[in-house]
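# Observations on the model geometry
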Amino acid sequence: MKQTETGEFMKNEITVYDNEYTSWLQELKERYLSQQLKAHSAVLNYYLEFYWSVGKDIVSKQSENKYGSGFYKRLSNDLKNELPGVKGLSPTNLKYMKYFYELYKDVENRQQAVDDFSMKELFSIPWGHHVTIIDKCKSNEKKAIFFVNKTRENNWSRPVLLNFLDTDLYERQGKAISNFANTLPALQGELAQQITKDPYTFDFLSIREKYEEEELKDALIANIEKFLLELGRGFAYMGREFRLEVGSEEKFMDMLFYNTNLHCYVVVEVKITKFKAADLGQLGLYVSAVNHIMKKEGDNPTLGLLICKSKDDIVAQYSLESSAVPIGISEYELSKVYPVDFKSSLPTIEEIEESLKDKE
């Protein structure tokens, strides 16, 4: 077929090879986006390396001592003159570059950290996240590295990062009392311990002051997305009041999850009372039942997690020593609990307006 003056040949050719052309077009799009992502990562890495070097220079040259209190303002103005149009050179940002270097300066001096953290990992999250971490972690390098890693693993936005910084996640991580070390292989036991917290904070709930157990469970499920964030990375929700037939009886677990990182089921029981040794018997039964009925080849042993209002750590530890199944015990905190009929002691705008009308 010959090409016509109207370009009909080209139109027919594209029609004939429509599927091939469409596929190629999609491939070009994906290739561009992939390169764009790489370029974005390269630019991010470049800026962070530059910020790091500026911070290092400020510290090594003892610039604040040498040039006085107006140093940052002067350096900011001079850099803006030399680099017109470049953002991120404010006096405040220059100070954060110094804090950035001071907080992580030891990372530069090691080939690869014991916790598998290096400069590559440090430069993998945005500068805005670093500023947030610097504000909250001050001179605590281990805590800062913990949150850099969590941000990388979970792709946290800044608001989500800030939320976890405000919930003492670092201090709570891996703190539940458990028997994982005695009931699981070493590596799995260590990983299982890492997914626990003590206490769990349910500050996203708003329930009555004199709440009941069912109300708390209902509130957790109503806020399941936030509850999953509090539980941590890898938890997939399987169901509430999850039914199992055990022998001739029906059993209903409070909540059942599957952890995709540990490749195992996790049974969660919630109690609004102080921990009692008898609570372990019920949870232990559920854990064993899931192992027998639901656990498949390739799954690791099921874990139990008991979340209670309070506990005596010694009683909890002794109770766990007699349990053959892996269980962790944690407390929970309700940071914001309002009564249903809560009413502020301050008058509303409408009440103020009505009061003024009465005086007219």
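Residues numbered from 1 in each chain as written. Predicted model: local features only at pLDDT ≥ 70, side-chain atom pairs only at ≥ 80, totals over all residues. Heavy atoms only, no water.

## Re the overall build of the protein
Summing up its helical and strand segments, the protein has 17 helices and 7 strands in all. The proportion of buried residues among the 360 residues of the protein is 39%. Of the contacts formed within the protein by residues at least 6 apart in sequence, a portion of 62% connects residues at least 24 apart. Approximately 21700 Å² of the protein is accessible, and the part contributed by carbon and sulfur atoms is 52%. (Helix = DSSP H or I, 4+ residues; strand = E, 2+ residues; numbered from the N terminus. Buried < 20%, exposed > 50% of the residue type's maximum accessible area, 1.4 Å probe, protein only. Contact = heavy atoms within 4.5 Å. Areas by Shrake-Rupley, 256 points an atom, 1.4 Å probe, with all protein chains shown as cover.)

## Considerations on the pairing of strand 3 (residues 235-246)
Sheet analysis places strand 3 next to strand 4 (residues 249-259), joined by 10 bridges and oriented antiparallel. Residue pairing for strand 4: Phe 235 is matched across the bridge by Asn 259. Taking the residues that link successive antiparallel strands as the turn, the strand 3-strand 4 hairpin has 2 residues, and the phi of Gly 247 there is positive, at about 65 degrees. (Pairing = 2+ DSSP bridges.)

## Digging into the packing of aromatic side chains
Applying the stated rule across the entire model yields 21 aromatic pairs. For the pair Phe 146 and Phe 147, a centre-to-centre distance of 5.1 Å together with 90 degrees between the ring planes defines the contact as edge-to-face. With relative accessibility at 16%, the residue Phe 146 sits in the buried group. Connected via pairs of aromatic rings, a cluster forms that spans Tyr 46, Tyr 47, Phe 50, Tyr 51, Trp 52, Phe 100, Tyr 101, Tyr 104, Phe 123 and Trp 127. (Phe/Tyr/Trp six-rings, centres within 6.5 Å; stacked < 30°, edge-to-face > 60°.)

## What about a nonpolar patch on the surface?
A cluster of nonpolar side chains, namely Val 43, Tyr 46 and Tyr 47, defines an oily patch on the protein surface of about 310 Å² accessible area. The topology assignment puts Tyr 46 in helix 2 (residues 18-60). (Patch = residues over 30% accessible without salt bridge, like charges linked within 9 Å, V, L, I, M, F, W, Y side chains within 5 Å. Salt bridge = Lys/Arg side-chain N within 4 Å of Asp/Glu carboxyl O.)

## Comments concerning the side chain of Lys 150
Of note, Lys 150 is situated in helix 8 (residues 141-154). Apart from residues no more than four positions distant in its own chain, Lys 150 is found in contact with Asn 155, Trp 156 and Gln 173.

## Concerning the pattern of salt bridges
Applying the stated criterion to the full structure yields 16 salt bridges. In this structure, Lys 98 engages Glu 102 in a salt bridge whose closest nitrogen and oxygen atoms are separated by 3.9 Å. Of this pair, Lys 98 and Glu 102 both sit in helix 5 (residues 91-104), 4 residues apart, which is roughly one turn of that helix. With relative accessibility at 34%, the residue Glu 102 sits in the partly exposed group. A salt bridge links Glu 213 to Lys 217; the shortest N-O distance between them is 3.4 Å. Note that Glu 213 and Lys 217 are positioned in helix 13 (residues 213-222) at a spacing of 4 residues, about one turn of the helix. Here the salt bridges do not stand alone but share partners, grouping Glu 213, Glu 214, Lys 217, Asp 218, Arg 240, Glu 241 and Asp 254 into one network.

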